[in-house]
Amino acid sequence: MLELMDIGPNVLGLKILGKIQNEDIQKLIETSEDKLENYDRIAIYIEIIEMGGISIDAFFTDLKFALPNLKKFSKKAVVSESKWHDKLAKVIDKLFSSIEIRHFTPEERENAKKWVLE
């Protein structure tokens, strides 16, 4: 399940609270498109509370939207307790040069919010 968060007008904020379903991705896409009507590029802020996976249809819906629109996203902050998210963020940051990706611990949550708003 995804919960949308209000971080800023040019930031797509979300909290992951379990398994992500296609309805969650649809809501995410609609919100992204609304923000992209007013901004050339937006940032993403994600808090991972509980990662319960993603349904296959949600995965493909997300992929179908994300790949052609990758350059419309400037930054991605991932807040989680998981150490592997830090390593993954560093690898993905190198693979996709159009978006800067950083991992933050829950204690660094406010720094993550400030960073995506810059």
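Preceding this section is the structure that the text describes.
Since we're looking at a predicted model, the values are computed, not measured. (Residues numbered from 1 in each chain as written. Predicted model: local features only at pLDDT ≥ 70, side-chain atom pairs only at ≥ 80, totals over all residues. Heavy atoms only, no water.)

**Some words on the overall build of the chain**
Inclusion rule: Think of it this way: any DSSP run of H or I at least four residues long counts as a helix, any run of E at least two long counts as a strand, and we number them from the N terminus. Accessibility here uses a 1.4 Å probe with only protein chains present; expressed as a share of the type maximum, an area under 20% marks a residue as buried, one over 50% as exposed, and anything in between as partly exposed. The contact rule is simple, with two residues in contact once any of their heavy atoms fall within 4.5 Å. For every accessible area listed, the method is Shrake-Rupley and the probe measures 1.4 Å; residues are considered covered only by the protein chains on display.
When you go through the chain residue by residue, the secondary structure sums to four helices and five strands. Reading the helices (α) and strands (β) of the chain from amino to carboxyl end gives β-β-α-β-α-β-α-β-α. Within the span of the chain, comprising 118 residues, buried residues form 42% of the whole. Sequence-distant contacts in the chain: of pairs separated by 6 or more residues, those separated by 24 or more amount to 73%. Within the structure as shown, the chain displays about 7200 Å² of accessible surface, and the carbon and sulfur contribution to it stands at 54%.

**What to know about the environment of Asp62**
Here Asp62 lies in helix α2 (residues 56–69). Using a relative accessible area of 28% as the deciding quantity, one classes Asp62 as partly exposed. Taking the C-alpha atoms as reference, Asp62 lies 8.9 Å from Leu28; in sequence the two are 34 residues apart.

**Considering a nonpolar patch on the surface**
Selection rule: Put simply, a patch holds well-exposed residues, over 30% relative accessible area, that have no salt bridge, with like charges counted together within 9 Å and Val, Leu, Ile, Met, Phe, Trp or Tyr side chains within 5 Å. What counts as a salt bridge is simple: a side-chain nitrogen of Lys or Arg found within 4 Å of a carboxyl oxygen of Asp or Glu.
On the surface, Ile54, Ile56, Phe59, Phe60, Leu63 and Leu67 cluster together into a nonpolar patch covering about 560 Å² of accessible area. The element contributing the most residues to the nonpolar patch is α2, with five residues. The residue Phe60 is located in helix α2 in this model.

**Examining the nonpolar core**
Keep this limit in mind: To form a nonpolar core, buried Ala, Val, Leu, Ile, Met, Phe, Trp, Tyr and Cys residues must be joined to one another through side-chain atoms within 4.5 Å.
Ranked by size, the top nonpolar core spans 19 residues in total, and within it Leu2, Leu14, Ile16, Ile25, Leu28, Ile46 and Phe73 carry the most contacts. Residue assignment for this core shows that the elements contributing at least two residues are β2 (11–20), α1 (22–36), β3 (42–54), α2 and β4 (73–79). Here Ile25 is in contact with Leu2, Ile20, Ile54, Ala58, Thr61 and Asp62, once residues within four sequence places are set aside. Listed in part, the 11 residues of the second largest apolar core include Ile7, Val11, Ala77 and Ala112.

**A word on a negative patch on the surface**
Selection rule: Residues counted as positive are Lys and Arg, residues counted as negative are Asp and Glu, and His and the chain ends are not counted. To locate a charge, take atom NZ for lysine, CZ for arginine, CG for aspartate or CD for glutamate.
A cluster of like negative charges, contributed by Glu30, Glu33, Asp34 and Glu37, occupies part of the molecular surface. For Glu30, the position within the fold is in helix α1.

**What about the pairing of β4?**
To keep things clear, this is the line we draw: By the convention used here, strands pair only if DSSP detects at least 2 bridges between them.
The buried fraction of β4 amounts to five of the seven residues, a majority that puts the element mostly inside the structure. Where β4 lies against strand β5 (residues 100–104), five bridges are found, and the strand directions are parallel. Opposite Val79, over in β5, you have Phe104 as the bridge partner.

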